[in-house]
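# Inside the fold
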Amino acid sequence: QQPVQSPQAVILREGEDAVINCSSSKALYSVHWYRQKHGEAPVFLMILLKGGEQKGHEKISASFNEKKQQSSLYLTASQLSYSGTYFCGTEGDNFGNEKLTFGTGTRLTIIP
Amino acid sequence: EPEVTQTPSHQVTQMGQEVILRCVPISNHLYFYWYRQILGQKVEFLVSFYNNEISEKSEIFDDQFSVERPDGSNFTLKIRSTKLEDSAMYFCASSRGYGYTFGSGTRLTVV
């Protein structure tokens, strides 16, 4: 039931773009994206809700395909500060304080 | 910016001992959670708490675990008799409905 993320790891040069994918086996109400730096807590980036509503940061965008139960996170013109492990968190199609189930994680390394 | 505060940051305990991990969620948040992360691995759900009661718990959250919100601000996770496999980073999170704010975590080491 854990969402599967791809790729597992990616190394980019500063300024390059990245796409991180998250795929679930069950119907979703929302998808969250978090970034975790080594030894720190996950930090909320963005939420995508069923129906297309979107919240989050300006320089990082995401899409949510409800039918395919997939979400993608787009990082454009990556900066060194983008390095970390990215987790998607999915909420099932039963809104009302449902827990997040976190994905397998994608380790992103940005090099100068 | 409001934050979730967790104490202690690191706790070492002997197997079989009880530990209490403490969290102060963001004051106007309504939903509270405990997650744990074994080093380098996935973030695992333990329990969610809403309206002063547990709303959902995972298989990990067995009878050795309990949560309380004793005074309307603190949110605690108690492990009654710790096992070696309880060693992990424990994160508290709170939410108003959109996005979780995580605390900085408590690293629990059971020896």
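Attention here is on the structure that accompanies the text. (Residues numbered from 1 in each chain as written. Chains lettered and ligands numbered in written order. Predicted model: local features only at pLDDT ≥ 70, side-chain atom pairs only at ≥ 80, totals over all residues. Heavy atoms only, no water.)

## Looking at the packing of aromatic side chains
Per the stated rule, a full pass over the model turns up 19 aromatic pairs over all chains. Pairwise contacts between aromatic rings join Y34, F44, F87 and F102 of chain A together with Y33, Y35, F45, F91, Y100 and F102 of chain B into one cluster. (Phe/Tyr/Trp six-rings, centres within 6.5 Å; stacked < 30°, edge-to-face > 60°.)

## Comments concerning the sheet that holds strand β3 (residues 18-23) of chain A
Neighbouring strands of a sheet are bound in pairs by backbone hydrogen bonds; such pairs are parallel or else antiparallel. Residues and elements named next belong to chain A. Ordered in space as β1-β3-β8-β7, the 4 strands form an open sheet in which the pairing is antiparallel. Edge positions in the open sheet fall to β1 (4-6) and β7 (60-65), since each of these has one partner strand only. Going across the sheet, the axis of each strand differs from the next one's by a mean of 15 degrees, ignoring polarity. (Pairing = 2+ DSSP bridges. Helix = DSSP H or I, 4+ residues; strand = E, 2+ residues; numbered from the N terminus. Axes fitted to C-alpha atoms, helices over the stretch in contact; angles between N-to-C directions.)

## Observations regarding unusual backbone geometry
Residue P7 of chain A is reached from S6 of chain A by a cis peptide bond, and omega for that bond is -5 degrees. Mapping P7 of chain A onto the fold places it in the loop between β1 and β2 (9-13). The step from T7 of chain B to P8 of chain B runs through a cis peptide bond, and the omega angle for that step is -10 degrees. Take P8 of chain B: it is sitting in the loop between β1 (5-7) and β2 (10-13). In this model, Q69 of chain A sits at a positive phi of 55 degrees, which is unusual for a non-glycine residue. Counting through the fold element by element, Q69 of chain A comes out in the loop between β7 and β8 (70-75). In the Ramachandran plot, A77 of chain A falls in the positive-phi region, its phi being about 50 degrees despite a non-glycine side chain. Tracing the sequence through the fold places A77 of chain A in the loop between β8 and β9 (84-92).

## Thoughts on the interface of chain A and chain B
By a widely used convention, the size of an interface equals the accessible area lost when the partners come together. Listed as interface residues are 20 residues of chain A and, on the opposing side, 20 residues of chain B. When chain A packs against chain B, close to 1,700 Å² is buried across both sides, 61% of that on carbon and sulfur atoms. Where chain A meets chain B, there are 1 salt bridge. A salt bridge links K99 of chain A to E56 of chain B, with the nearest nitrogen and oxygen atoms 3.0 Å apart. Applying the counting rule to chain A against chain B returns 5 residue pairs in polar contact (both at pLDDT 80 or more). Taken together, the elements giving at least two residues each to the side of chain A that touches chain B come down to β4 (28-36) and β5 (43-49) of chain A. Among the residues forming the side of chain A that touches chain B, the class breakdown is 10 nonpolar, 5 polar and 5 charged. (Contact = heavy atoms within 4.5 Å. Buried area = accessible area lost by both parts, 1.4 Å probe. Salt bridge = Lys/Arg side-chain N within 4 Å of Asp/Glu carboxyl O. Polar contact = N/O pair within 3.5 Å; in protein donor to acceptor, adjacent residues only side chain to side chain. Nonpolar A, V, L, I, M, F, W, Y, C, P; charged D, E, K, R; others polar.)

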